[in-house]
Amino acid sequence: MQFDQLLQYTLSGLSTGAIYALIGIGFSIIYNATGIINFAQGEFVMLGGMLTMFFLGLLKLPLWAAVPCSVAATTVAGVLFECLAIRPLKQPTPINLVIITIGGSILIRGLSMLLWGKDTHAIPPFSGEEPINIGGATILPQHVWILGVTLVIIAANKYYFYHTISGKAMRACAYNRRAAGLVGIDVRRMVLFSFIISSALGSVAGIIVAPLTMTAYDVGIMLGLKGFCAAIIGGMSGGAATVVGGLILGILESLGAGLISSGYKDAIAFIILLLLLFIRPQGLFGKAQSERV
Amino acid sequence: MHRDRIKFLAFAAVILAAPQLFHGGYLMNVLVFVGINTMLAIGLNLLLGYAGQISLGHAGFFGLGAYLSGILTSTCGWNPWLAMPLVAAVVGAAAFLIGFPILKLKGHYLAMATLGMGIIIYIVFNETVALTGGPSGLSGIPNISLGDLTFDNDVKNYYLIWFFTLCLILLTQNLADSRVGRALRAVHDSEVAAQVMGINARLLKVQIFTLSAVISSVAGSLYAHTMTFVSPASFGFNFSVELLTMVVIGGLGSIYGSFLGAALLTLLPEFLRAAHDYDIVIYGGLLMTMVMYMPGGLVRGVPDLFRKLQKKGGSRHA
């Protein structure tokens with residue numbers, strides 16, 4: 001195996017890994033604010049790509065306008081989901097929450113299928129398709145976009161959670177919701193915020209990956225599950241650990257597809273997921289914590 | 001206890017008489033599937049409704065039963081009656097082994113882990129082309145026969161499947177009324193309390209997971225022999241969700257509820273042929289509305305609703 005081949009797999013793994021990281025951060029933000037694993041997270045990713053395709057194709061908007069429109073529309077979907085499905089739930093037991101978020105996810109998927117059909121759709125790359133050569137490996141400009149956007153988002157995320165009042169309030173909710181309520185934080189609003197941020201993050205991930213992988217009504221399941229896997233590797237932290245988790249997963253998957261078999265590519269993520277849940281449910285870097293198990 | 005027996009006999013009588021009412025025909029074929037889905041829903045209900053443990057990978061066990069039976073009887077030429085219990089034992093053993101680490105997880109984590117397990121099994125069906133035929137499926141699976149009688153048409157298959165399903169209903173009813181059933185409900189309500197009462201909650205959960213996998217595997221074997229063809233598409237994530245919908249709609253912890261959910265979800269698409277693509281929207285909507293407004297499922301929700309309406313009517317008269 002040559003070095004440039006290895007480099008090629010690693011580079012393309014990094015960019016898919018960045019996508020998984022963004023989705024994983026979405027999972028952990030909602031989990032930390034509410035204790036819910038949102039099974040509909042992948043559908044926000046799908047909505048991001050599909051809505052961009054819709055704004056570009058049918059409404060003939062330019063890309064710079066279609067992207068924010070699509071993020072905004074997905075965020076509205078996230079807000080609606082929280083207000084109409086999560087909030088009114090009378091018995092929010094974990095099983096009921098799992099069932100309702102699964103119900104929501106297949107509802108969103110089904111509606112998108114009815115709206116946009118079962119075909120896969122392409123979104124044009126943001127800045128051309130001229131390959132860039134790096135030490136014998138080639139990457140596309142879109143890969144650079146993905147890595148760049150991910151970096152910006154991670155930085156913005158960090159700023160929000162550590163340097164703004166509402167971000168600090170959200171962290172307080174994650175530590176202890178009752179105590180946060182006692183010091184005057186509106187927990188319900190923080191829950192809504194968490195859905196807003198996660199759906200926006202998910203849609204951005206869906207938009208930047210769509211030019212590379214195409215998009216369709218059913219891409220949400222796999223992307224969502226792999227994002228969850230990244231979040232599990234990162235111990236549901238929502239910070240750097242989840243980003244590392246996503247990158248590890250992306251690289252392993254890309255190497256596995258290249259070296260073992262591309263058919264089993266998707267299985268790799270799930271085997272890692274199961275092994276981690278069995279052996280280290282607190283994440284690769286976390287300390288043991290009996291509550292999560 | 002006595003009422004349960006009468007209920008069962010009445011149910012069995014209706015089931016056995018049904019073919020006379022429909023005079024064969026296409027509906028018989030659908031009713032065969034209602035039987036298979038009832039078995040699967042009861043299997044999942046034991047785990048979800050009684051023990052309170054979710055699984056989003058049961059389509060995987062169903063598929064394992066179908067594929068292993070299919071491969072053993074078609075490629076290796078075994079007798080179906082020999083293959084079925086052996087396959088069930090193998091699937092059960094696998095479920096028992098994976099049950100210990102997987103059922104250590106709770107709630108959302110358990111849901112994700114079982115989902116991952118189901119998808120891995122699905123990928124294996126697709127990729128081991130030499131064994132399973134890959135995405136295009138495995139054909140030429142023989143029908144089951146008993147002496148000179150071959151179960152090769154819908155009416156015969158109907159009786160075969162429903163014989164198994166009725167046996168299963170009787171078995172689960174007895175299980176639910178036994179010490180094990182009470183222990184399961186105790187684990188459902190509070191695992192810690194159950195353990196304090198001397199129940200080995202961990203082992204019990206694994207045992208019920210295993211039983212549920214064995215039931216799914218037998219249903220899978222029967223499915224393979226009645227269809228004589230299996231393909232991975234029938235055993236994906238969507239089918240796991242469909243099973244979950246059946247159990248939730250019918251009512252968690254209710255055996256006849258599982259039948260109701262299975263019947264409804266199997267018959268509905270047949271009557272809504274034109275609305276074929278809408279089924280996933282309908283499942284999603286049903287799941288959400290049931291959990292929000294009728295968490296006890298139809299078997300409990302409908303009588304409740306009736307009582308409420310009656311009360312309202314009564315108070316108006318007074």
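Residues numbered from 1 in each chain as written. Chains lettered and ligands numbered in written order. Predicted model: local features only at pLDDT ≥ 70, side-chain atom pairs only at ≥ 80, totals over all residues.

A. Layout of the overall build of chain A. Looking only at helices and strands, one finds eleven helices and two strands in chain A. Helices and strands in chain A line up, N terminus first, as α-α-α-α-β-β-α-α-α-α-α-α-α. Taken against the 2.2 N^0.38 rule, which gives 19 Å for 293 residues, the C-alpha radius of gyration of chain A at 19 Å falls within 12% of a compact globule. Dimensions of chain A along its principal axes, counting C-alpha atoms only, are 60 × 45 × 35 Å. Looking at the 293 residues of chain A, the share that counts as buried comes to 50%. When contacts within chain A are restricted to residue pairs at least 6 apart in sequence, those whose partners lie at least 24 apart make up 74%. (Helix = DSSP H or I, 4+ residues; strand = E, 2+ residues; numbered from the N terminus. Rg over C-alpha atoms; globule rule 2.2 N^0.38 Å. Buried ≥ 20, exposed ≤ 12 C-beta atoms within 10 Å, placed from the backbone. Contact = placed C-beta atoms within 7 Å.)

B. Examining the overall build of chain B more closely. Across its full length, chain B carries 14 helices and four strands. Relative to the 2.2 N^0.38 estimate, which gives 20 Å for 318 residues, the radius of gyration of chain B is 20 Å and therefore close to what a compact globule would have. Its C-alpha atoms put chain B at 70 × 50 × 40 Å along the principal axes. Every one of the 318 residues in chain B was classed for burial, and the buried ones make up 51%. A separation threshold of at least 6 residues defines the contact pool for chain B, and within that pool the share at least 24 residues apart is 77%.

C. Region of the structure containing the interface of chain A and chain B. Each partner contributes residues to the interface: chain A has 35 residues there, and chain B has 32 residues. Sorting the residues of the side of chain A that touches chain B by element identifies helix H4 (94-116), helix H9 (220-233) and helix H11 (265-279) of chain A as the ones contributing at least two each. For the side of chain A that touches chain B, the element with the highest residue contribution is H4(A), accounting for 16 residues.

D. Representation of the environment of A:Gly283 in the model. Residue and element names in this part refer to chain A. Following the sequence through the fold, Gly 283 ends up in the segment after H11. The exposure class of Gly 283 is buried, given the 21 C-beta atoms found within 10 Å. With 245 residues separating them in the primary sequence, Gly 283 and Asn 38 have C-alpha atoms 18 Å apart. The residues touching Gly 283, leaving out its near neighbours within four places in the chain, are Ile 232, Ile 233, Gly 234, Gly 235, Met 236, Ser 237 and Ala 241.

E. Looking closely at the confidence of the model for chain B. Overall, the prediction assigns chain B a mean pLDDT of 89, with 96% of residues at 70 or greater. Complex prediction metrics read pTM 0.88 and ipTM 0.85. (pLDDT = per-residue confidence, 0-100.)

F. Up close: the domain arrangement of chain A. Residue and element names in this part refer to chain A. In terms of domain boundaries, chain A breaks down into domain 1 (30-116 + 140-214) and domain 2 (219-284). The interface is formed by eleven residues belonging to domain 1 together with ten residues belonging to domain 2. Taken together, the elements giving at least two residues each to the side of domain 1 that touches domain 2 come down to helix H1 (3-34), helix H2 (41-57) and H4. Sort the elements by how many residues they give to the side of domain 1 that touches domain 2 and H2 lands first, with six residues. Across the side of domain 1 that touches domain 2, the residue classes break down as four nonpolar, five polar and two charged. (Domains from an automatic or database assignment. Nonpolar A, V, L, I, M, F, W, Y, C, P; charged D, E, K, R; others polar.)

G. Structural view of the environment of A:Gly258. Residues and elements named next belong to chain A. Of note, Gly 258 is situated in helix H10 (residues 240-259). With 18 C-beta atoms counted inside 10 Å, the residue Gly 258 sits in the partly exposed group. Taking C-alpha positions, Gly 258 is 27 Å from Gly 202, a pair spaced 56 residues apart along the chain.

H. Quick peek at the nonpolar core. Formed by 192 residues in total, the largest nonpolar core has its most connected members in A:Leu22 and A:Cys229. The element that contributes the greatest number of residues to this core is helix H10 (residues 201-227) of chain B, accounting for 15 residues. Per-domain counts for this core show at least three residues from each of domain 1 (30-116 + 140-214) and domain 2 (219-284) of chain A. (Core = buried A, V, L, I, M, F, W, Y, C linked by C-beta atoms within 7 Å.)

I. Up close: unusual backbone geometry. All names here are of chain A. With a phi close to 55°, Lys 60 is a non-glycine residue in the positive phi region. Under the C-beta neighbour-count criterion, Lys 60 is labelled exposed, with 8 such atoms within 10 Å. Phi angles above zero are rare outside glycine, and Met 214 is one such case at about 65°. By the element assignment, Met 214 lies in the loop between helix H8 (187-213) and H9.

J. Spatial organisation of the packing of helix H4 (residues 80-102) of chain B against H10(B). Residue and element names in this part refer to chain B. H10 packs onto H4 with a crossing angle of 145° between their chain directions and a minimal axis gap of 8 Å. Like other packed secondary-structure pairs, H4 and H10 cross with a definite hand, here right-handed. Between H4, through Pro 80, Ala 83, Met 84, Val 87, Ala 88, Val 91, Gly 92, Ala 95, Phe 96, Gly 99 and Phe 100, and H10, the contact on the second element is made entirely by Val 206, Phe 209, Thr 210, Ala 213, Val 214, Ser 217, Val 218, Ser 221 and His 225. (Axes fitted to C-alpha atoms, helices over the stretch in contact; angles between N-to-C directions. Left-handed = near helix turned anticlockwise from the far one by under 90°.)

K. Highlighting the environment of B:Gly118. Residues and elements named next belong to chain B. Within the element layout of this structure, Gly 118 appears in helix H5 (residues 107-127). With 25 C-beta atoms packed within 10 Å, Gly 118 lands in the buried category. Separated by 29 residues in sequence, Gly 118 and Ala 89 have C-alpha atoms that sit 19 Å apart. Once you skip the residues sitting within four places of it in the chain, Gly 118 turns out to touch Leu 56, Gly 57, Ala 59, Gly 60, Phe 237 and Ser 240.

L. Main features of H11(A). Between its first and last C-alpha, H11(A) extends 22 Å over 15 residues, near the 21 Å set by a 1.5 Å rise per residue. For H11(A), every residue scored as buried is listed here: A:Asp266, A:Ala267, A:Ile268, A:Ala269, A:Phe270, A:Ile272, A:Leu273, A:Leu274 and A:Leu277. Buried-residue contacts for H11(A) involve H9 and H10 of chain A together with H5 of chain B. (Expected span 1.5 Å × (residues − 1).)

M. Representation of helix H3 (residues 58-74) of chain B. Here H3(B) is 17 residues long and its end C-alpha atoms lie 24 Å apart, about the 24 Å a rise of 1.5 Å per residue gives. Most of H3(B) is tucked away, with 16 of its 17 residues classed as buried.

N. Geometry of the packing of H4(A) against H5(B). In the contact formed by H4(A) and H5(B), the axes pass within 8 Å of each other and the chain directions differ by 45°. Comparing their axes, H5(B) and H4(A) come out oblique. Along its contact with H4(A), which presents A:Pro94, A:Ile95 and A:Val98, the element H5(B) presents B:Gly107, B:His108 and B:Ala111. When its residues are assigned to classes, the contact of H4(A) with H5(B) shows four nonpolar, two polar and no charged. (Parallel < 35°, antiparallel > 145°, perpendicular 65-115°, else oblique.)

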